[in-house]
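These are the residues of each chain, in order.
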Amino acid sequence: MSNAVRTPFTCYMPDILGTMTTYHCPRDGTRSPISALTWCCPVCRGPWDLDFTPSPGLALHVLPGRANSLWRYEENLPLSSPEVSLGEGRTPLVPLTDTVSAKLDYLMPTLSFKDRGAVMLAELARRLSPDRVVADSSGNAGTSIAAYCARAALPCTVYVPEGASPKKTQQIRAHGARLVAVPGGREATALAARAAADEPGVFYASHVFNPHFLHGTKTYVYELWEDLGGRLPDALVVPVGNGTLLLGAALATAELHALGLITVRPRLIAVQAEAVSPLAGAFRVGAEDLLPAAGHGDPAPTLAEGIAIPRPPRARQILAAVRGSGGTFLTVSEDEIRDAQRDLAARGFYVETTGVACWAAVRDGSAYRPGSVVVPLCGAGVKTGMAG
Ligand SMILES: Cc1ncc(COP(=O)(O)O)c(C=O)c1O
Ligand SMILES: [Zn+2]
């Protein structure tokens, strides 16, 4: 059961955020006020989207002098004037080759792009004043939520699979979060966190189910738009597990286009590890959702553990976003991941194994025109070390 069952979700009183903003279900249109702490649609148990339209006003000339963080795009964010920030965003864009540039999201406060979304969830949680925050992730999302809850002085519990990497659990504990190690892998961990999330007074800081996370990750594209002087590259190459960066990128390009701030939308090129590629498989056969045979239970081992998600809850949205952009899916082998990590390190970039997948997919560059592709290097090498 989700909290929605206990909380009237058809009430549209202005909520604690001082707005009429609500969650809605993209599948069946069910709505819930944000203040209800309802973490999923009570009808289909799917993830929420957010009713949000940017206010007019964003333009390149209004940006100089604003906060040197992702909060500079305030007209286009569902929350503004945050009390919670670690100075996230504004990561460098540097050329790798004539064709491909890299955006260094591994230089974020907790060393991964997840900070873009985690700061939104922590700021929202602070405003909603829950008894506690829960999250589940063995990786970068969990560490990021733990750090931002520390910054917001919110009590936080992070569920991780037993056997999660000691470096990551150390970081979660260091930020003062309570760590619960769950036997039985990722699925069991998600179930344990969701059971906790159903308890009254709990805010589930889910990077998958809570759409505020996507309104944070979309700032990756707003920064590119600003850095490129009001345009976007032909192709945005993005790693996809649960698709939070990809869906954030799709949101940003739709918003920028609707506001007349770009005329041409980039193609979204989604990258998965060959070993765990349920979305690439569905895309290849023209399916609108995961194929029934897509893996249940824990995924096959891959060096790109951060994108090893066998059944992403936002699969339909991810497939539609890639198709709608005229993009495609690419997959990379374990050898290609290993080589790409070595190659980036040899160029001076120390990047974790998941964070090199996009470079592995497009480093040849021959399919693209000069200066037309951006890849995120989105997690720091110190998190995993070298694969070999
Ligand atoms: C470094 C890195 N890259 C990519 C991803 C994939 O993000 P998503 O699951 O939102 O697609 C993750 C997720 O943990 C990650 O840590
Ligand atoms: Zn629903």
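Scroll up to find the structure this text is about.
What you see is a predicted model; the values in this text were computed from it and never measured.

When you go through the chain residue by residue, the secondary structure sums to eleven helices and 13 strands. Over its C-alpha atoms the chain spans a radius of gyration of 19 Å, differing by no more than 12% from the 21 Å that the globule rule assigns to 388 residues. When its C-alpha atoms are laid out on the principal axes, the chain stretches across 55 × 50 × 40 Å. Taken across its 388 residues, the chain has 58% of its residues classed as buried. For the chain, the distance from the average position of its 35 positive side-chain charges to the average position of its 35 negative side-chain charges is 0 Å.

Read across the open sheet, the three strands follow the order β2-β1-β3; overall the sheet is antiparallel. Lying at the two open borders of the sheet, with one neighbouring strand each, are β2 (31-33) and β3 (49-50).

In this section: the coordination of the zinc ion (ligand 2). Those protein atoms acting as donors to the zinc ion (ligand 2) are Cys25 (SG), Asp28 (OD), Asp28 (OD), Cys41 (SG) and Cys44 (SG), and they sit at 2.2 to 2.7 Å. Mapped onto the sequence, the residues coordinating the zinc ion (ligand 2) show the spacing C-x2-D-x12-C-x2-C. One end of the pair, Asp28, is in the loop between β1 (22-24) and β2; the other, Cys41, is in the loop between β2 and β3, and 13 residues separate them in sequence. A relative accessible area of 0% places Cys41 in the buried class.

In this section: the pairing of strand β5 (residues 100-103). Taking every second residue as pointing to the same face, both faces of β5 are buried, with Val100 and Ala102 on one and Ser101 and Lys103 on the other. Inspection of the sheet shows strand β4 (residues 93-95) paired to β5 by three bridges, in the antiparallel sense. Its bridge partner being in β5, Val94 is matched across the sheet by Ala102. Taking the residues that link successive antiparallel strands as the turn, the β4-β5 hairpin has four residues.

In this section: the pattern of salt bridges. Between side chains of opposite charge, a pair can form as their charged atoms come close. In the structure shown here, the tally under the stated rule is 23 salt bridges. Across the pair Asp227 and Arg90 runs a salt bridge, and its minimum N-O distance is 3.6 Å. Remark: Arg90 occurs in the loop between β3 and β4 and Asp227 occurs in helix α6 (residues 219-227); sequence separation between them is 137 residues. When its relative accessible area of 26% is taken as the criterion, Arg90 is described as partly exposed. One connected set of salt bridges, linked through shared partners, spans Arg27, Glu288, Asp289 and Arg316.

Let us now look at helix α9 (residues 315-324). Here α9 has its buried residues at Ala315, Ile318, Leu319, Ala321 and Val322. Angular distribution of buried residues about the axis of α9 spans 160 degrees; they occupy a single face of the element. Next to the buried residues of α9 lie α7 (244-258), β11 (267-273), α8 (278-284) and β12 (328-332). Phi for Gly326, located one or two positions after α9, is positive at around 75 degrees.

Turning our attention to unusual backbone geometry. At Arg45, a residue that is not glycine, the phi angle is positive and equals roughly 65 degrees. Among the secondary structure elements, Arg45 is positioned in the loop between β2 and β3. Unlike most non-glycine residues, Ala153 shows phi in positive territory, near 55 degrees.

This part is about the environment of Cys40. With respect to the element layout, Cys40 can be found in the loop between β2 and β3. Relative accessible area serves as the criterion here: at 0%, Cys40 is assigned to the buried category. Distance from Cys40 to Leu60, taken between C-alpha atoms, is 36 Å for residues 20 residues apart in sequence.

What follows is about the packing of helix α1 (residues 115-128) against helix α2 (residues 140-152). One can describe the packing of α1 onto α2 by two numbers: an axis separation of 9 Å at closest approach and a directional angle of 40 degrees. In terms of orientation, α1 lies oblique with respect to α2. Handedness of the crossing formed by α1 with α2: right-handed. Contacts between α1 and α2 involve Asp115, Ala118, Val119, Leu121 and Ala122 on the former and, on the latter, Ser144, Ile145, Tyr148 and Cys149. Classifying every residue of the contact of α1 with α2 by side-chain character gives seven nonpolar, one polar and one charged.

A few words on the pairing of strand β7 (residues 156-161). With respect to burial, β7 is a largely interior element, six of its six residues being buried. Residues Cys156, Val158 and Val160 of β7 are buried on one face, and the alternating residues Thr157, Tyr159 and Pro161, pointing to the opposite face, are buried as well. In this structure, strand β6 (residues 132-136) lies alongside β7, joined through four bridges in parallel fashion. By the bridge assignment, Asp136 is partnered in β7 with Tyr159. Across five bridges, the pairing between β7 and strand β8 (residues 178-182) is parallel. Bridge pairing links Val158 to Leu179 in β8. Traced from β7 through helix α3 (residues 166-174) to β8, the parallel crossover comes out right-handed.

What counts as what
Residues numbered from 1 in each chain as written. Chains lettered and ligands numbered in written order. Predicted model: local features only at pLDDT ≥ 70, side-chain atom pairs only at ≥ 80, totals over all residues. Heavy atoms only, no water. Helix = DSSP H or I, 4+ residues; strand = E, 2+ residues; numbered from the N terminus. Rg over C-alpha atoms; globule rule 2.2 N^0.38 Å. Buried < 20%, exposed > 50% of the residue type's maximum accessible area, 1.4 Å probe, protein only. Lys, Arg positive; Asp, Glu negative; His and termini not counted. Charge placed at Lys NZ, Arg CZ, Asp CG, Glu CD. Pairing = 2+ DSSP bridges. Donors = N, O, S within 2.8 Å, 3.2 Å for Na, K, Ca; no water. Salt bridge = Lys/Arg side-chain N within 4 Å of Asp/Glu carboxyl O. Arc of directions from axis to C-beta. Contact = heavy atoms within 4.5 Å. Axes fitted to C-alpha atoms, helices over the stretch in contact; angles between N-to-C directions. Parallel < 35°, antiparallel > 145°, perpendicular 65-115°, else oblique. Left-handed = near helix turned anticlockwise from the far one by under 90°. Nonpolar A, V, L, I, M, F, W, Y, C, P; charged D, E, K, R; others polar. Right-handed = clockwise from strand over helix to strand, strands pointing away.

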